[in-house]
Amino acid sequence: MGLMAGKRGIIFGVANDKSIAWGIAQQLRAAGATLAFTYLNEALEKRVRPLAESLDSELVLPCDLSKDEDIEAVFKKVGEQWGDIDFVVHAVAFANREDLKNPFSQTSREGFTLAMDISAYTLVAVSRAAAPLMKDGGSIVTMTYLGAQRAVPNYNVMGVAKAALEASTRYLAAELGEQGIRVNAISAGPIKTLAASAVGKFKEKLKVMDERAPLRRTVTQDEVGKSALYLLSDLSSGVTGETHFVDAGFNFVV
Ligand SMILES: CCCCCCc1ccc(Oc2ccc(Oc3cccc(O)n3)cc2)c(O)c1
């Protein structure tokens, strides 16, 4: 029986087969989990639905995470279909392209608010909606990056939003722990995803990994998926409120 046999949950943030969330979904399915997916709009639905079906998913729902009513509708539907859930993967973020390459001090109020809303507040909204369905406890995992803890050039406002996300992970873990719900973040090294292309000088960051990371390479979406499987499964039953680095060790060397 696989590590996730009989377990079911929702994955927010698959855009295509290069997404980190897709690496996580594949590992969860291989371990026996039953998966639900959400997509932002029709354009993304065309890519997400076939991927979801390839992992035998029967629940593929629209969800614009900037709308509370969309989040409520997703969990209402999942509650009707399944009754309860065991895990949630939150792998969603956004910042305006210009805010990911211009000087940080030039960030507009609107751009700052948008990045914080989509990249950090959505974890709070999703966790609030998920908790009542996690009747036997559960595990929530979100995605962050080193730029939350270090001033990484070009990451800018997304780093500030990820700092808020990592703090939110701790506050949610502190509150939901008594319900047996664990909340953790994975801080992944740079991986060539659709979103990564929006960050200035991303390619240079990949190259530096091969030269400086202790493992002298970048990490893959499968490696992030394996660590997510650990945090979403009973293997990490004693772990909550953590930011877990899956970055070939880059975070601790200069
Ligand atoms: C200079 C830092 C290099 C390493 C960046 C690693 C990384 C890659 C992708 C990440 O996820 C993002 C990045 C930007 C982002 O905002 C976007 C994405 C697409 C278009 C757009 O206008 N904004 C949403 C998620 C992320 O949080 C972190």
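Before going into details, it helps to say that this report is about the structure given with it. (Residues numbered from 1 in each chain as written. Predicted model: local features only at pLDDT ≥ 70, side-chain atom pairs only at ≥ 80, totals over all residues. Heavy atoms only, no water.)

Glancing now at the site of the ligand. Not every one of the 18 residues close to the ligand is listed here, only the nearest: Ala-93, Phe-94, Ala-95, Pro-153 and Tyr-155. Take Tyr-155: an N or O atom from its side chain is 2.5 Å from an oxygen atom of the ligand. The protein chains hide 86% of the 650 Å² of surface that the ligand would expose on its own. Among the secondary structure elements, those contributing two or more residues to the shell around the ligand are helix H5 (156-176) and helix H6 (202-212). Each residue belonging to the shell around the ligand can be placed in one class, and the counts come to 14 nonpolar, 1 polar and 3 charged. (Near = heavy atom within 4 Å. Polar contact = N/O pair within 3.5 Å; in protein donor to acceptor, adjacent residues only side chain to side chain. Areas by Shrake-Rupley, 256 points an atom, 1.4 Å probe, with all protein chains shown as cover. Helix = DSSP H or I, 4+ residues; strand = E, 2+ residues; numbered from the N terminus. Nonpolar A, V, L, I, M, F, W, Y, C, P; charged D, E, K, R; others polar.)

Axis separation between helix H4 (residues 109-130) and H5 bottoms out at 9 Å; the angle between their running directions is 20°. One element, H4, and the other, H5, form an angle in the roughly parallel class. As H4 packs across H5, the resulting crossing turns out to be right-handed. Note on element contacts: H5 touches H4 through Val-157, Met-158, Val-160, Ala-161, Ala-164, Leu-165, Ser-168, Thr-169, Leu-172 and Leu-176, opposite Gly-111, Phe-112, Ala-115, Met-116, Ser-119, Ala-120, Leu-123, Val-124 and Ser-127. (Axes fitted to C-alpha atoms, helices over the stretch in contact; angles between N-to-C directions. Parallel < 35°, antiparallel > 145°, perpendicular 65-115°, else oblique. Left-handed = near helix turned anticlockwise from the far one by under 90°. Contact = heavy atoms within 4.5 Å.)

Turning to the environment of Leu-55, a few remarks are in order. Assignment of secondary structure puts Leu-55 in the loop between helix H2 (42-54) and strand E3 (59-62). Spatially, the C-alpha atoms of Leu-55 and Ile-10 are 13 Å apart, while their sequence positions differ by 45 residues. Aside from chain neighbours lying at most four places away, what touches Leu-55 is Trp-22, Ala-25, Gln-26, Arg-29, Leu-35 and Phe-37.

A separate point is the environment of Ser-168. Tracing the backbone through its elements, the reader meets Ser-168 in helix H5. For Ser-168 and Val-183, which are 15 residues apart along the polypeptide, the C-alpha to C-alpha distance reads 9.4 Å.

Further remarks concern the packing of aromatic side chains. The final tally for this structure, using the stated rule, is 3 aromatic pairs. Judged by centre distance (6.4 Å) and plane angle (40°), the ring pair of Trp-22 and Phe-37 falls under tilted. Linking Trp-22 in helix H1 (residues 20-30) with Phe-37 in strand E2 (residues 34-39), this pair joins segments that are 15 residues apart in sequence. Across the pair, Phe-37 and Trp-22 agree in class, each one buried. (Phe/Tyr/Trp six-rings, centres within 6.5 Å; stacked < 30°, edge-to-face > 60°. Buried < 20%, exposed > 50% of the residue type's maximum accessible area, 1.4 Å probe, protein only.)

Right, let's talk about the nonpolar core for a bit. Residues Ile-11, Leu-28, Leu-35, Phe-37, Ile-186, Val-224 and Leu-232 are the most contacted members of the largest nonpolar core, which totals 52 residues. Examining the composition of this core, we find that 6 residues originate from one element, H1, more than from any other. Leave out the neighbours within four places in its chain, and Ile-11 touches Ala-21, Ala-25, Leu-28, Leu-35, Ala-36, Phe-37, Thr-38 and Val-89. If you look at the next biggest cluster of nonpolar residues, it comprises 32 residues, including Ala-129, Met-134, Leu-172 and Ile-181. (Core = buried A, V, L, I, M, F, W, Y, C linked by side-chain atoms within 4.5 Å.)

We now examine the packing of H1 against helix H7 (residues 221-232). In contact at an axis separation of 7 Å, H1 and H7 are set at 55° when each is read in the N-to-C sense. On the basis of their axis angle, the class for H1 and H7 is oblique. For the element pair H1 and H7, the recorded crossing hand is right-handed. Residues Ile-20, Trp-22, Gly-23, Ile-24, Gln-26, Gln-27 and Leu-28 of H1 pack against Gln-221, Asp-222, Val-224, Gly-225, Lys-226, Ala-228, Leu-229 and Leu-232 of H7.

In this section: the environment of Ala-52. Following the sequence through the fold, Ala-52 ends up in helix H2. On the accessibility criterion, Ala-52 (0% relative accessible area) is buried. Measuring from C-alpha to C-alpha, the distance between Ala-52 and Thr-38 comes to 9.5 Å, with 14 residues separating the pair along the chain. When near neighbours in sequence (up to four residues on either side) are disregarded, Ala-52 contacts Trp-22, Phe-37, Ser-57 and Val-60.

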